[in-house]
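What follows is each chain in one-letter form.
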Amino acid sequence: MATTAESRGVRHMALNGGIRGGRKLRRGVTGTAIAAATMAALTASQAPGTEMAHGAETGKERADDVQPDRTPGDDSYHTELPPLESPAPPRSSPDKPSDSGIPATLLAAYKNAVRSVNASDPACGLRWELLAAIGKVESGQARGGAVDKDGTTLRPILGPVLNGSGFARIHDTDRGRFDGDRRFDRAVGPMQFIPSTWARWGTDGNGDGSRDPDNIHDAALAAAGYLCAGERDLTSKAGLNRSILSYNHSQDYLRTVLAWYEFYRNGTHKVPDGSGVLPTSPGAGGTADAGKGKGNGKENGEGSHDGPGSHKPGKPGKPGNDDGGGDSPAPDPETPTALKPVLAGELSAYTGENFDDRARVRAVNSSGKAVEGVRIEYTIKGDTGARFAGGSREATATTAADGLSTAPLIDAGEREGSFTVTAKAEGLGLRAAKMEATVEPKYTFARTPGGPLKAPVNSKFTGIKIDLAHEKEAAGGVPVTATMIGKDGEENTEGPFFKDLFGNEDRSVTKSTGILGAAGVLELPAVHTDGSAGTFTLRLATEDGSTFDIELTVTK
């Protein structure tokens, strides 16, 4: 099924990357870059125990670069293999159901989809027999061709509930529009797309103005576009293997699809819709044991949603945001089970500066391997002025081939304090990763003389000196603004004051620290008192936001 699920057979098409509803030219100027991106993506998406080897010098795929997969239990698709005998139909009854018989509507959909893709991308070399093989393995050719005249399945074909029990845990992304489940996602339709994948790859294959994963014309064209995405060349063994593995990263799945692919290439025939051979193994679409047209309950993952008409999805929503876009799909990584902060300690920066380190997390699967293509939402939480570039508290970044996602730079702002950066996997129910961050004042202040400062009314405070330092070094030539403030932090209108050159009251002055023999020393002018008694605050502030408060007590 086309999902981004765990290793038990639901590891399919990725949540991020790719094209939306159509093919783009890809063998032109940008071919090299797209090829590199595609290869990097595919290499990063291996199942446990799988290695993707490359030529050491050329970087090109080798025919033997797909190694055995040691992940057990890929049971979310039909596992029976084709018979050994010739696939040719009996001469006396050409419409008699046989393993080589493909329902008429599905056969037409496969051929039309490949014709459409190969018209714009002949270098891919996709054959319709590959779509037929995948359709056979994923849904038993839509339950033996149980589709209406428009190619829409008569009843929903749903994969297992992706609630983390034996499969990936993927919370609902479509409000149940396609799969009827508002808690968790499920793969949908004859080609088994999860809703979030369909939002990216869904196409209108029959020109009816909608994109319906339950419609074989739409689903076949979407699958064809995915299999041919990027620089894939399905005429080579390695390219063919990679394409199939991108749909479901399982070696058992690869072998099963290849077996049907070769079987269909040796000969097929058209059979009436609804008369195709049903699978005997459990999987989406039901089994022969369940009876023609009947689902297989929990075994095939359909459960209570398997009711007539319950699959009508209406118009699908707009595709999700591509992170980088282009023709290369995310390589169908294993579904992540955890986000791990990469930083050894907490983030820290001085006021007025950018953080040197960035918030980073790595998405990993249950085996601890990196997962590519996961969209991460970063959020700054806390009462500070820290913001991502552009002044926002939120930002997104997608995991790369090493599973690493790096948030944009954070501007510390002008307020010291602590905050938290949370990282969440978009559309997945994973526990958020949290990274603590601190904004420290860039400058430290030391006052002389020490002790309380007191003066009577109608007098003055004199001789106040401040030593300003940055990282324990004297900070010379730094402008410092001294302001008499009230309880609201704004400039006061009564109490102590400075005098300007003309002897007028001034409750805010700016001076710079010394730069030579008195480097880092700020000598404040006299602070005069009026007839108001009480405790007042003189706040010193540098341009970066470092502050220092001095308490002045005026007595009667």
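Residues numbered from 1 in each chain as written. Predicted model: local features only at pLDDT ≥ 70, side-chain atom pairs only at ≥ 80, totals over all residues. Heavy atoms only, no water.

Asker: Would you mind going over the overall build of the protein in detail, with residue names and values included?
Answerer: Across its full length, the protein carries seven helices and 27 strands. Each of the 556 residues in the protein was classed as buried or not, and the buried ones make up 51%. Put simply, 69% of the contacts in the protein that link residues at least 6 apart link residues at least 24 apart. In the structure as shown, the protein presents an accessible area of about 23900 Å², 49% of it carried by carbon and sulfur atoms. (Helix = DSSP H or I, 4+ residues; strand = E, 2+ residues; numbered from the N terminus. Buried < 20%, exposed > 50% of the residue type's maximum accessible area, 1.4 Å probe, protein only. Contact = heavy atoms within 4.5 Å. Areas by Shrake-Rupley, 256 points an atom, 1.4 Å probe, with all protein chains shown as cover.)

Asker: Which residues make up the sheet that holds strand β10 (residues 394–398), and what values go with them?
Answerer: Each strand in a sheet pairs with its neighbour through backbone hydrogen bonds, running either in the same direction (parallel) or in the opposite one (antiparallel). In spatial order, the strands read β6-β14-β13-β8-β10; together these five strands make up an open sheet with mixed pairing. Both edges of this open sheet fall to β6 (347–350) and β10, since each of them pairs with a single strand only. Pairs of neighbouring strands in the sheet enclose a mean axial angle of 25°, with direction left out of account. Pairing of strand β8 (residues 375–381) with strand β13 (residues 417–425), which is carried by six bridges, proceeds in the antiparallel orientation. The residue bridging Thr-379 from the neighbouring strand is Thr-422, located in β13. (Pairing = 2+ DSSP bridges. Axes fitted to C-alpha atoms, helices over the stretch in contact; angles between N-to-C directions.)

Asker: Provide a residue-level description of the state of the cysteines, including the pertinent values.
Answerer: Applying the stated criterion to the full structure yields one disulfide. Residue Cys-124 pairs covalently with Cys-228 via a disulfide, S to S 1.8 Å. Measuring the twist about the S-S bond at about -85°, one finds the Cys-124-Cys-228 disulfide to be left-handed. Of this pair, Cys-124 sits in the loop between α2 (104–120) and α3 (128–145) while Cys-228 sits in the loop between α5 (216–227) and α6 (237–247), and the two are 104 residues apart along the sequence. Each member of the pair, Cys-124 as well as Cys-228, is classed as buried. (Disulfide = S-S within 2.5 Å.)

Asker: I'd like a description of a negative patch on the surface, backed by residues and values.
Answerer: Together, Glu-346, Glu-416, Glu-436 and Glu-440 make up a negatively charged patch on the protein surface. Mapped onto the fold, Glu-440 is located in strand β14 (residues 433–440). Judged by relative accessible area, Glu-440 falls into the partly exposed class, the value being 36%. (Patch = residues over 30% accessible without salt bridge, like charges linked within 9 Å, V, L, I, M, F, W, Y side chains within 5 Å. Salt bridge = Lys/Arg side-chain N within 4 Å of Asp/Glu carboxyl O. Lys, Arg positive; Asp, Glu negative; His and termini not counted. Charge placed at Lys NZ, Arg CZ, Asp CG, Glu CD.)

Asker: How would you explain the packing of α5 against α6 if you had to name every residue and give the values?
Answerer: Describing two packed helices takes the angle between their axes plus the distance from one axis to the other. In the contact formed by α5 and α6, the axes pass within 9 Å of each other and the chain directions differ by 125°. One way to sum up the angle between α5 and α6 is to call them oblique. Where α5 crosses over α6, the two elements pack in a sense that is right-handed. The residues of α6 that touch α5, namely those facing Ala-223, Tyr-226 and Leu-227, are Ser-243, Ser-246 and Tyr-247. (Parallel < 35°, antiparallel > 145°, perpendicular 65-115°, else oblique. Left-handed = near helix turned anticlockwise from the far one by under 90°.)

Asker: Which residues make up the pattern of salt bridges, and what values do they have?
Answerer: When the charged atoms of two side chains with opposite charge come close together, those side chains can pair. Applying the stated rule across the entire model yields 10 salt bridges. Salt-bridge contacts for Arg-127 lead to Glu-129; the nearest nitrogen and oxygen are separated by 3.3 Å. By relative accessible area, which is 7% here, Glu-129 ends up buried. One salt bridge in this structure joins Arg-415 and Asp-383, with 3.2 Å as the shortest N-O distance. Placement of Arg-415 in the loop between β12 (410–411) and β13 and of Asp-383 in the loop between β8 and β9 (387–388) is noted, with a sequence separation of 32 residues between them. Residue Arg-415 is classed as partly exposed on the basis of its relative accessible area of 43%. Residues joined in a network through salt bridges with shared partners are Glu-505, Arg-507 and Asp-530.

Asker: Could you give me a rundown of the nonpolar core, with the residues and numbers involved?
Answerer: Grouped together as the largest cluster of nonpolar side chains are 52 residues, with contacts concentrated most on Tyr-110, Leu-126, Leu-130, Leu-131, Met-191, Phe-193 and Tyr-247. Of all the secondary-structure elements, those providing two or more residues to this core are α2, α3, α4 (195–201), α5, α6 and α7 (251–265). With nine residues, the top contributor of residues to this core is α5. Listed in part, the 36 residues of the second largest apolar core include Ile-194, Phe-388, Ala-407 and Ile-410. (Core = buried A, V, L, I, M, F, W, Y, C linked by side-chain atoms within 4.5 Å.)

Asker: How would you sum up the pairing of β8? Please name residues and give values.
Answerer: Of all seven residues that make up β8, five are buried, and the element is covered over most of its length. In terms of strand pairing, β8 meets β10 through five bridges, oriented antiparallel. For Arg-375, the partnering residue across the bridge sits in β10 and is Thr-398.

Asker: Please set out the pairing of strand β20 (residues 479–485) residue by residue, giving values where relevant.
Answerer: Burial analysis of β20 places five of its seven residues in the buried class, the great majority of the element. Pairing between β20 and strand β23 (residues 508–512): five bridges, direction antiparallel. Residue Thr-483 lies in a different strand from β23, and its bridge partner there is Ser-508. In this sheet, strand β26 (residues 534–542) lies alongside β20 in antiparallel orientation, the contact comprising six bridges. Bridging across to β26, Val-480 finds its partner in Thr-542.

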